Amino acid sequence: MTEKTDYIGVFDSGVGGISVLRELIACMPNERFLYFGDSANAPYGTKPKEQIRQLALNNAKLLMDYNVKAIVVACNTATAMAIDLLRQTYPDTIIIGIEPAIKPAVRQFPQGTLAIMATPATLQGEKLQRLMALHPHDRLLKIPAPGMVELVEAGLSDSAQMDDFLHNLLDPYVGKLDGLVLGCTHYPFAVRSIRRVLGDKTVLFDGGAGTARETRRRLAEKDLLSDGKGEVRILNSSADSSILQLCNTLLTEDL
Ligand code: DGL
């Protein structure tokens, strides 16, 4: 077997997983990260399950070809559709998925009104049903947001187009939600636009920080944490060279 490198591989359907990468870097600044965004095939969340599973497998294979020591699936949709398949395919590699932050939202607002906004695939997946059954709540609404990923991929996270999109989607909920779970890793980049539409009172929950802590815990358990110089390398399947510029902007901008 080929020696593993000390890279932690991270993938998403596109640039959204950079929101998780930011948390990973903050949590483990001494690690080397190899990020792959599959922007040529984004969005995943409106594709059939079998296609999403195949794309997730392709991404994991690409990272495994770099002999990464672990893979973080920084995509709720790919986690929901394919995490079991990835773990079966690579049983000797640590594979961490992301799940919508329903647990902290239910804990903070056991009696309040909550909503989860995510891709259609994530909202229809069995994984979410299981998560909701584990953390039962009487008023947890589901808000599918097809089209939002495309706006983030186009660099329009904080734009008039995003405001229009979110007004259409969220206006019926203004003043009614105690908490909103951002169940797609692209959405944290639209937080300014979400605030303009929903106001400041709704608490936003996102699973990135929890995923980063879980990754650190799993690496520590196997004594695989690095103490070297941190590094970030970004790859993308899109032929459009401006996508790497967008990734760097999303990695460093103030949110
Ligand atoms: N970032 C992905 C997620 O967390 C977006 C999926 C998509 O490409 O539709 O679900």
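The following paragraphs examine the structure supplied in this document.

Thresholds applied
Residues numbered from 1 in each chain as written. Predicted model: local features only at pLDDT ≥ 70, side-chain atom pairs only at ≥ 80, totals over all residues. Heavy atoms only, no water. Helix = DSSP H or I, 4+ residues; strand = E, 2+ residues; numbered from the N terminus. Contact = heavy atoms within 4.5 Å. Axes fitted to C-alpha atoms, helices over the stretch in contact; angles between N-to-C directions. Parallel < 35°, antiparallel > 145°, perpendicular 65-115°, else oblique. Left-handed = near helix turned anticlockwise from the far one by under 90°. Nonpolar A, V, L, I, M, F, W, Y, C, P; charged D, E, K, R; others polar. Near = heavy atom within 4 Å. Polar contact = N/O pair within 3.5 Å; in protein donor to acceptor, adjacent residues only side chain to side chain. Areas by Shrake-Rupley, 256 points an atom, 1.4 Å probe, with all protein chains shown as cover. 1 Å grid on protein atoms, 1.4 Å probe; cavity = no way out; pocket = protein on both sides within 12 Å on 5 of 7 lines; lining within 4 Å. Sits in = over half its atoms within 2 Å of the grid points. Core = buried A, V, L, I, M, F, W, Y, C linked by side-chain atoms within 4.5 Å. Buried < 20%, exposed > 50% of the residue type's maximum accessible area, 1.4 Å probe, protein only. Pairing = 2+ DSSP bridges. Right-handed = clockwise from strand over helix to strand, strands pointing away.

**Things to note about the environment of Ala42**
Here comes step 1: Looking at the secondary structure, you find Ala42 in the loop between strand E2 (32-37) and helix H2 (49-64).
Here comes step 2: In the structure, Ala42 is positioned 38 residues away from Lys4 in sequence and 29 Å away in space, judged by C-alpha atoms.
Here comes step 3: Leave out the neighbours within four places in its chain, and Ala42 touches Ser13, Lys47 and Glu153.

**Overview of the packing of helix H8 (residues 160-170) against helix H9 (residues 191-198)**
Here comes step 1: Running from N to C, H8 and H9 point in directions that differ by 50 degrees, and their axes come no closer than 9 Å. In terms of axis orientation, H8 runs oblique to H9. The way H8 lies across H9 gives a crossing that is right-handed. Within the contact between the two elements, H8 uses Met162, Asp163, Leu166, His167 and Leu170 and H9 uses Ser193, Ile194, Arg196, Val197 and Leu198.
Here comes step 2: In terms of residue class, the contact of H8 with H9 is made up of 6 nonpolar, 2 polar and 2 charged.

**Description of the site of the ligand**
Here comes step 1: Near the ligand you find 13 residues, and of these Ser13, Tyr44, Gly45, Thr77 and Thr185 are the closest.
Here comes step 2: Between the ligand and the protein, one listed contact pairs an oxygen atom with a backbone N or O atom of Asn76 at 2.8 Å.
Here comes step 3: At a separation of 2.7 Å, a nitrogen atom of the ligand approaches a polar side-chain atom of Thr185.
Here comes step 4: If the ligand stood free it would expose 300 Å²; the protein chains cover 99% of that surface.
Here comes step 5: Judged by the fraction of its atoms near the pocket grid, the ligand is located in the largest cavity.
Here comes step 6: Its residues assigned to classes, the shell around the ligand shows 5 nonpolar, 7 polar and 1 charged.

**Some details on the nonpolar core**
Here comes step 1: Ranked by internal contacts, the top residues of the largest apolar core, which has 50 residues, are Val10, Ile18, Met117, Met148, Leu166, Leu180 and Ile194.
Here comes step 2: Membership of the second largest hydrophobic core comes to 24 residues, among which are Ala60, Met64, Ile71 and Ile83.

**Observations concerning the pairing of strand E7 (residues 179-182)**
Here comes step 1: Residue alternation in E7 divides its side chains into two sets, Gly179 and Val181 and Leu180 and Leu182, and both sets are buried.
Here comes step 2: Taken together, the 4 bridges between strand E5 (residues 114-118) and E7 define a ladder with parallel strand orientation. Across the sheet, residue Met117 finds its bridge partner in E7, namely Leu182.
Here comes step 3: Across 4 bridges, E7 lies against strand E8 (residues 203-206) in parallel orientation. The residue of E8 that forms the bridge with Val181 is Phe205.
Here comes step 4: For the handedness criterion, the β-α-β arrangement of E7, H9 and E8 is classed as right-handed.

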